[in-house]
Structures are given as structure tokens and as C-alpha cells.
Amino acid sequence: MDDSIRQNLIDAGCDDKFIKEFDCCMCDKKQCEKMLAQHRRELLDEVHAKEHSISCLDYLVHKMKRDEVK
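Structure report, in brief. All values derive from a computational prediction rather than experimental measurement.

Analysis parameters
Every chain's residues receive numbers from 1 upward, in the order its sequence appears when written. Given that this is a predicted model, residues contribute local features only at a pLDDT of at least 70 and side-chain atom pairs are listed and counted only at 80 or more, while totals for whole chains, interfaces and linings are drawn from all residues. Here the side-chain values reflect all heavy atoms present in the structure, with hydrogen atoms and water set aside. The secondary structure listing takes helices from DSSP runs of H or I that are at least 4 residues long and strands from runs of E that are at least 2 residues long, numbered from the N terminus. Based on C-alpha atoms, the radius of gyration is set beside the globule rule, defined as 2.2 Å times the residue count to the power 0.38. Accessible area is worked out with a 1.4 Å probe on protein chains only. A residue is then buried under 20% of its type maximum, exposed over 50%, and partly exposed in between. Residue-level accessible areas treat just the shown protein chains as cover; the underlying method is Shrake-Rupley with a 1.4 Å probe. Charged residues are defined narrowly, with Lys and Arg counted positive, Asp and Glu counted negative, and His plus the chain ends left uncounted. For this purpose, a charge sits on NZ of Lys, CZ of Arg, CG of Asp or CD of Glu. Any two cysteine sulfur atoms lying within 2.5 Å of each other are counted as a disulfide.

1. With respect to the overall build of the protein chain
Link 1 in the chain: In terms of helices and strands, the protein chain carries three helices and zero strands.
Link 2 in the chain: For the protein chain, the sequential pattern of α-helices and β-strands runs α-α-α.
Link 3 in the chain: In terms of overall size, the protein chain is more extended than a compact globule, its C-alpha atoms giving a radius of gyration of 20 Å where 70 residues would be expected to give roughly 11 Å.
Link 4 in the chain: Out of the 70 residues in the protein chain, the part that is buried amounts to 13%.
Link 5 in the chain: Working note: accessible area of the protein chain is about 6000 Å², and carbon and sulfur atoms make up 56% of it.
Link 6 in the chain: Charged side chains in the protein chain number 13 positive and 16 negative. The centres of these two groups are separated by 7 Å.

2. Quick word on the state of the cysteines
Link 1 in the chain: Applying the stated criterion across every chain, the model contains zero disulfides.
Link 2 in the chain: No disulfide involves Cys24; its sulfur sits 7.7 Å from the nearest other cysteine sulfur, which is in Cys25.
Link 3 in the chain: Cys24 gets classed as exposed once you look at its relative accessible area, which sits at 67%.
Link 4 in the chain: Of the cysteine sulfurs around Cys27, a residue in no disulfide, the closest is that of Cys25, at 7.4 Å.
Link 5 in the chain: With a relative accessible area of 77%, Cys27 lands in the exposed category.

And the structure:
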């Protein structure tokens, strides 16, 4: 595997297991694309979960400020 590809996978948050599996399927472009798409979905799910947590905190701060005024 090219060092730049490996570094890109590391930068994208891929663990060693993923990188090894990706390296093994490098000759199968479709399988590599499938793996990358799955990892992307997982990262996006994490982003959405964090966005939900932030929204909950924002609501709590808003509620506390609103209740403070009363």
C-alpha cells in the first residue's frame, strides 16, 4: 500500500484492522469503495449523534436561562 493512502486512512480515523483489510482488497476496487463508503456512513452517524448531544445541551442552557427570568 502506498504511504499516502495509508496516511489518508489514518487521518480518516481508520483503525489498524480496517487498514489491513483495505490493503488486502486493494486489487478489488469495488470492495475498497464499499469499505470506504461504510466507514464514511459510520463517521456520519457519529457526527449526527454528536449534533444531537449538542442540541440537547443548547436546549438545556436555553431552558435554564428562560427559567432564570421567571
